[in-house]
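Descriptive analysis of the structure
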Amino acid sequence: MATVPPGIRLLRSFNKDQWYRALTFILTFLLYTSFHLSRKPISIVKSELHKNCSSVNELATIASSSQHPSLSSLHRSTDCSWKPFDKRNYKQLLGAMDYSFLCAYAVGMYLSGIIGERVPIRLYLSVGMLFSGLFTCLFGLGYVYNIHNMGFYIFVQVANGLVQTTGWPSVVTCIGNWFGKGRRGLVMGLWNSHTSVGNILGSLIAGYWVSSNWGLSFIVPGLIIAVMGVVCFLFLIEHPNDLKVMYAQNPSRGKISYDTELLLPRDGVCVAMQPLVVVKRDSEPSAISFMGALRIPGVIEFSFCLLFAKLVSYTFLFWLPLYITKTAHLDAKKAGDLSTLFDVGGIVGGILAGVISDKLGMRATTCAVMLLLAAPTLYGFSMISEFGLGPTIGMLLVCGGLVNGPYSLITTAVSADLGTHKSLKGNARALSTVTAIIDGTGSVGAALGPLLAGLLSAGGWDQVFYMLMTADFLALCLLLRLVSKELTSSQSHPISAVELKEH
């Protein structure tokens, strides 16, 4: 008889709980990857929108002055349909589109966490993803149906921002339910790379069609997130207890385990029926209130720190391709491809932040050190990006790691730690609300960053980088009290690598 292959032995070494845990990890990873994949196209399409309009205007001027028939016919065949973006204030108009999405996202996030505590997460997330797909596709249909009304695009952005708030509190709650505090920084650092993976895939997908048919740059990601919404409805398991309830209600389904088989009578053996006593457990803990979540130690400081950290990250998310186009003189596709290096660095930075904070047991200190290094790195990027492609690639990777490291750590491991803080006395129903408060406050910064970038870039890109460095410095200042507490605690007694100290 042949020996069992080592791969099969490895698969059999995992128990049922570990398989379901792996399924939840992979599924929530893919679900939120599709969220970020659907947000990225707008940053890729920006340069193409204005490029088309400006180039057509130049052709129109030449044609009218020279009366050259071939140029006139060329102008008619490539008439620009996106007139809102052909004006001198195109940066402000593009910034307004970003702001409308992110402002709606920030406002909706505070409500989303509260709703998510009170409705089934699987249904809530699935419906949100289906509507996200709908509104993302609607933006692309503006190209198909030749819509150039600014109000249409603002409406789509606002609606999409609201429905996308269903994503983050839901997936963080699920992953927090399945994974305990042990090595949470590493697990969530790996898991949170979905943000950068989604940005990279979104850039590549949008960049593929941006020069030929930018409507597909939105329609394809919209279809992807809608399909993932159906997958979410079919397969997402919110909590391990849901499986226990399923098996308790359907004991005949599936194979009988060895332990259960030992308890069953042999054939021909009669066992007297015994009355079954069902003990009803105390009522479920009530969902935490908004003010109750704010009183959890550390929530306010990390929330406002994330505001400034996310301001920097989302400014890069929405404006980096256009910045590369203008400074490196690359076309929209090449600039979009190059901008993905920022997200590659973000993957490494998020994982490193998680590993280091697990090892030291100091979340705030880890974030503070990375923020301290990020500010001068941003200044270096603004200087080095003018010296060619090679230095730009290197600085994109470093900036991505230092900017997205703290952002990743706060939105995942820190949020999960605070949502299961010891002051809650075991009430795990606070996780979604705490996550929504932290990410909602951060989303205010995400809304302000691209808007300020659009306003400041009119006076030169240097002003944008000064704004980003100031934001990093303010984020660092907000963590100083928590850093001091962590350092004092580490000197007075050894701390657990997985316990968030009560600040």
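Placed above this text is the structure.
Residues numbered from 1 in each chain as written. Predicted model: local features only at pLDDT ≥ 70, side-chain atom pairs only at ≥ 80, totals over all residues. Heavy atoms only, no water.

**Overview of the overall build of the protein**
The number of helices and strands found in the protein is 21 helices and zero strands. A buried classification covers 51% of the 503 residues belonging to the protein. Total accessible area on the protein is roughly 23,400 Å²; 67% of this is exposed by carbon and sulfur atoms. (Helix = DSSP H or I, 4+ residues; strand = E, 2+ residues; numbered from the N terminus. Buried < 20%, exposed > 50% of the residue type's maximum accessible area, 1.4 Å probe, protein only. Areas by Shrake-Rupley, 256 points an atom, 1.4 Å probe, with all protein chains shown as cover.)

**Topic: the packing of helix H2 (residues 16–39) against helix H8 (residues 167–178)**
Relative orientation and spacing of two packed helices are given, respectively, by the angle between their axes and the distance between those axes. Relative to each other, H2 and H8 sit at 165 degrees, their axes nearing to 10 Å. With respect to H8, the axis of H2 lies roughly antiparallel. When the axes of H2 and H8 are compared, the crossing they make is left-handed. Where H2 approaches H8, its residues Asp17, Tyr20, Arg21, Thr24, Phe25, Thr28, Tyr32 and Phe35 are matched on the opposing element by Gly167, Trp168, Val171, Cys174, Ile175 and Trp178. (Axes fitted to C-alpha atoms, helices over the stretch in contact; angles between N-to-C directions. Parallel < 35°, antiparallel > 145°, perpendicular 65-115°, else oblique. Left-handed = near helix turned anticlockwise from the far one by under 90°. Contact = heavy atoms within 4.5 Å.)

**Some thoughts on the packing of aromatic side chains**
Taken as a whole, this structure holds 21 aromatic pairs when the rule is applied. For the pair phenylalanine 101 and tyrosine 105, a centre-to-centre distance of 6.2 Å together with 15 degrees between the ring planes defines the contact as stacked. Linking phenylalanine 101 with tyrosine 105, this pair stays in helix H5 (residues 90–116), spanning four residues, or about one helical turn. An aromatic cluster is present here, built from Phe316, Trp319, Tyr323, Phe342, Phe381, Trp461 and Phe465 joined pairwise through their rings. (Phe/Tyr/Trp six-rings, centres within 6.5 Å; stacked < 30°, edge-to-face > 60°.)

**Here's the deal with the side chain of asparagine 199**
Counting through the fold element by element, asparagine 199 comes out in helix H10 (residues 194–209). Among the residues examined, asparagine 199 registers a relative accessible area of 4% and is labelled buried. When neighbours within four sequence positions are excluded, asparagine 199 is seen to be in contact with His36, Lys40, Leu317 and Asp343.

**Some details on the nonpolar core**
Counting residues in hydrophobic clusters, the biggest one holds 81 residues, and the most contacted among them are Phe316, Phe381 and Leu468. For this core, the element with the highest residue contribution is helix H15 (residues 299–328), accounting for 15 residues. Counting 29 residues, the second largest nonpolar core, distinct from the first, contains Phe35, Trp168, Ile175 and Met188. (Core = buried A, V, L, I, M, F, W, Y, C linked by side-chain atoms within 4.5 Å.)

**Some points on the pattern of salt bridges**
For the structure shown, the criterion picks out four salt bridges. Close ionic contact of aspartate 17 with arginine 21 constitutes a salt bridge, the shortest N to O distance being 3.2 Å. Here aspartate 17 pairs with arginine 21, and both are found in helix H2, just four residues apart, close to one helical turn. Judged by relative accessible area, which is 30%, arginine 21 ranks as partly exposed. Across the pair arginine 363 and aspartate 358 runs a salt bridge, and its minimum N-O distance is 3.1 Å. (Salt bridge = Lys/Arg side-chain N within 4 Å of Asp/Glu carboxyl O.)

**With respect to the side chain of aspartate 343**
You can see aspartate 343 is positioned in helix H16 (residues 332–360). Lysine 40 provides the closest opposite charge to the buried, unpaired aspartate 343, separated from it by 4.5 Å. (Lys, Arg positive; Asp, Glu negative; His and termini not counted.)

**Thoughts on helix H6 (residues 121–144)**
In a regular helix each residue adds 1.5 Å, so 24 residues correspond to 34 Å; H6 covers 35 Å between its end C-alpha atoms and thus fits that length. Taken from the residues just after H6, asparagine 146 is the one with a positive phi, measuring 60 degrees. (Expected span 1.5 Å × (residues − 1).)

**So, a nonpolar patch on the surface**
On the surface, Leu123, Leu130, Val230, Phe233, Leu234 and Phe235 cluster together into a nonpolar patch covering about 560 Å² of accessible area. Looking at the nonpolar patch, the elements that each hand over two or more residues are H6 and helix H11 (216–235). Broken down by element, the residue count for the nonpolar patch peaks at four residues, all from H11. If you trace the backbone, phenylalanine 235 turns up in helix H11. By relative accessible area, phenylalanine 235 is classed as partly exposed at 48%. (Patch = residues over 30% accessible without salt bridge, like charges linked within 9 Å, V, L, I, M, F, W, Y side chains within 5 Å.)

**Here we look at unusual backbone geometry**
Apart from glycine, the bulk of residues carry a negative phi angle, and the bulk of peptide bonds sit in the trans form. Despite not being glycine, asparagine 146 has its phi angle at roughly 60 degrees, a positive value. Position of asparagine 146 among the secondary structure elements: in the loop between H6 and helix H7 (150–163). For asparagine 146, a relative accessible area of 42% corresponds to the partly exposed category.

**Here we look at the packing of H5 against helix H19 (residues 431–456)**
Where H5 meets H19, the closest approach of the two axes is 8 Å, and the angle between their N-to-C directions is 175 degrees. Classified by the interaxial angle, the pair formed by H5 and H19 is roughly antiparallel. Taken together, the residues that form the contact of H5 with H19 break down as 17 nonpolar, ten polar and three charged. (Nonpolar A, V, L, I, M, F, W, Y, C, P; charged D, E, K, R; others polar.)

**Some remarks on H15**
For H15, spanning 30 residues, the distance from its first C-alpha to its last is 41 Å, which sits close to the expected 44 Å at 1.5 Å a residue. The sharpest bend along H15 comes to roughly 55 degrees, located at tryptophan 319, with the proline proline 321 sitting one to four residues further on. Looking one or two places after H15, you find histidine 329, whose phi comes out positive at around 55 degrees. (Bend = angle between axes of the 7 residues up to and from the residue.)

**Some details on the environment of lysine 40**
With respect to the element layout, lysine 40 can be found in the loop between H2 and helix H3 (41–66). You can call lysine 40 buried: its relative accessible area is 2%. Here the alpha-carbon distance between lysine 40 and phenylalanine 218, two residues 178 residues apart in the chain, equals 9.0 Å. Apart from residues lying up to four places away in sequence, lysine 40 is in contact with Asn199, Gly202, Ser203, Leu317, Pro321, Ser339 and Asp343.

**Describing the environment of glycine 346**
Position of glycine 346 relative to the elements: it lies in helix H16. Distance from glycine 346 to asparagine 192, taken between C-alpha atoms, is 9.7 Å for residues 154 residues apart in sequence. Residues within four places of glycine 346 in sequence aside, it is in contact with Ser196, Gly400, Gly401 and Asn404.

**A few points about the environment of glycine 161**
With respect to the secondary-structure elements, glycine 161 resides in helix H7. Under the relative-accessibility criterion, glycine 161 is labelled buried at 0%. Considering only alpha carbons, one finds glycine 161 and tyrosine 99, 62 residues apart in sequence, at a separation of 9.9 Å. The contact partners of glycine 161, leaving out residues within four places of it in the chain, are Phe101, Ala104 and Tyr105.

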